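Chain residues, written in single-letter form:
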Amino acid sequence: MEVIQTKKELREFRNGVRGSLGFVPTMGALHEGHAALIRQSARENERTVVSIFVNPMQFGPREDLAKYPRPFERDLDICRETGANVVYAPEHADIYPAGFGSAVEVSGVGNHWCGASRPGHFVGVATVVLKLLNRVQPDRLYLGQKDAQQAALLDKMVLDLDLETEVVVCPTIRGAGGLALSSRNQYLSPGEKAAAPALYRALMECGRQIKMGQTSPQKIAEIFQGLLPGYDGWRLDYFGVADPVTMSPVPVIDRKVRLLAAAFLGTTRLIDNISAGPGLEPG
Ligand code: PAF
C-alpha cells in the first residue's frame, strides 16, 4: 500500500490504473464502518483509494474540528488490512491553496435535517468531495448509509454535474445494542456509551409503528420524542420523516421513507437513520 500526499503523485498513480478504481473518502479515525466500505471497494474494483482529510470547510465555528481524532498510523493499518492500494492524505494547503474561493452548493437535498442544524456543512462536504473526485477519478464512490443525507446529496451532485462515477451506498454498521458506528463515538463516556443505543431503539420503534399502519409524520415524531428523553443526558437536535431520495419531509407516510434523527448525548452529537414504510420491516 502506498501513501500519497500530492495531487501530482495521485495523477501518476491514476494514469497507471488499467481496471476499475474504487474510492472511499474519509476524515480518518477509521472504524468497522469504514473498513466495510474499503473491503467492498477492494472486492469490486481492481484498485482502491482511501482519502484521509479532516475537512475544515464542513465544520461550523463551534464544532469539534480541533479535537477531531487523528490516529493516522492506526488508520493506515486498517487501510492496509482491508485491501486499500493507496491512502491519499493531502495537506490542507494542497486542497485549499491560498486564494481558494469556490464552493459547491447542491440545492434541495441539503435544506433540512443536518443541513438546517449545521449551516454550511453540506457546502463544505460537496466542495471537498468534488475536488477529491476530480483528483481520484474513480469508477465507483463508496459512502455509508449512516450519513444518509450526505449520500443522497452527493448522489445528486454526481448526477447534476455529469460526473463519471457510480455512487455505491453501503449499509450502516452497528455495534452493541445497535449503536451506529461513528468516529465521534469515542467522545462518549462509558455511561453515555451504554445510553447511546436508545437513539436506534427509538427509530426502530417508530419504524414498527409505521409498519403497523401509522401514517402521520407528526404522530411518529411525538412517539420518537416520547422515547428519547426517557434517558438521561439526551438533547434532541432533529427528528424527521423524509423522502429517501429528495430528503424532503413527507406530509403522509404512504410509501417507503427514511426516519432521520440527530441528538446530543452530553456534548457528543449522534446521528442515525433507518428505512421504514407501511407493511415494511424497519431497518
Ligand atoms: O463522511 C465523511 O467522513 C466526510 O463528510 C467526507 C465524505 C469524507 C467528506 O469530508
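Each value, and the rule that gives it
- Residues numbered from 1 in each chain as written.
- Predicted model: local features only at pLDDT ≥ 70, side-chain atom pairs only at ≥ 80, totals over all residues.
- Heavy atoms only, no water.
- Helix = DSSP H or I, 4+ residues; strand = E, 2+ residues; numbered from the N terminus.
- Rg over C-alpha atoms; globule rule 2.2 N^0.38 Å.
- Buried < 20%, exposed > 50% of the residue type's maximum accessible area, 1.4 Å probe, protein only.
- Contact = heavy atoms within 4.5 Å.
- Lys, Arg positive; Asp, Glu negative; His and termini not counted.
- Charge placed at Lys NZ, Arg CZ, Asp CG, Glu CD.
- Near = heavy atom within 4 Å.
- Polar contact = N/O pair within 3.5 Å; in protein donor to acceptor, adjacent residues only side chain to side chain.
- Areas by Shrake-Rupley, 256 points an atom, 1.4 Å probe, with all protein chains shown as cover.

**Q** Before we go on, may I ask you to explain the overall build of the protein in this structure?
**A** When its secondary structure is counted, the protein shows ten helices and nine strands. Against the compact-globule benchmark of 19 Å for 283 residues, the protein has a radius of gyration of 19 Å, which places it among compact chains. Taking the principal axes of its C-alpha atoms as reference, the protein extends roughly 55 × 40 × 40 Å. When the 283 residues of the protein are sorted by exposure, 52% land in the buried category. Partitioning the intrachain contacts of the protein with sequence separation of at least 6 by distance along the chain shows that 73% fall at a separation of at least 24. The protein carries 31 positive and 31 negative side-chain charges, and their two centres are separated by 2 Å.

**Q** Looking at this model, I keep getting lost on the site of the ligand. Mind explaining?
**A** Taken together, Pro25, Thr26, Met27, Asn55, Gln58, Val125, Val128, Val129 and Gln150 make up the full set of residues adjacent to the ligand. Contacts to the ligand include Gln58, whose side-chain N or O atom sits 2.6 Å from an oxygen atom. Here Gln150 contributes a side-chain N or O atom positioned 2.7 Å from an oxygen atom of the ligand. Within the complex, 88% of the 290 Å² of free accessible area of the ligand lies under protein. Elements represented by at least two residues in the shell around the ligand include exactly strand 2 (21–26) and helix 6 (121–136). No other element matches helix 6, which puts three residues into the shell around the ligand.

**Q** Explain unusual backbone geometry here, please?
**A** Leave glycine aside and you will find that most residues have negative phi; peptide bonds, for their part, are mostly trans. With phi around 50°, Ala29 is a residue other than glycine that occupies positive phi space. Tracing the sequence through the fold places Ala29 in the loop between strand 2 and helix 2 (32–44). You can call Ala29 buried: its relative accessible area is 3%. The phi dihedral of Met247 falls on the positive side, at around 65°, and the residue is not glycine. You can see Met247 is positioned in the loop between strand 7 (234–242) and strand 8 (257–265). Residue classification places Met247 among the buried residues on the basis of a relative accessible area of 1%.

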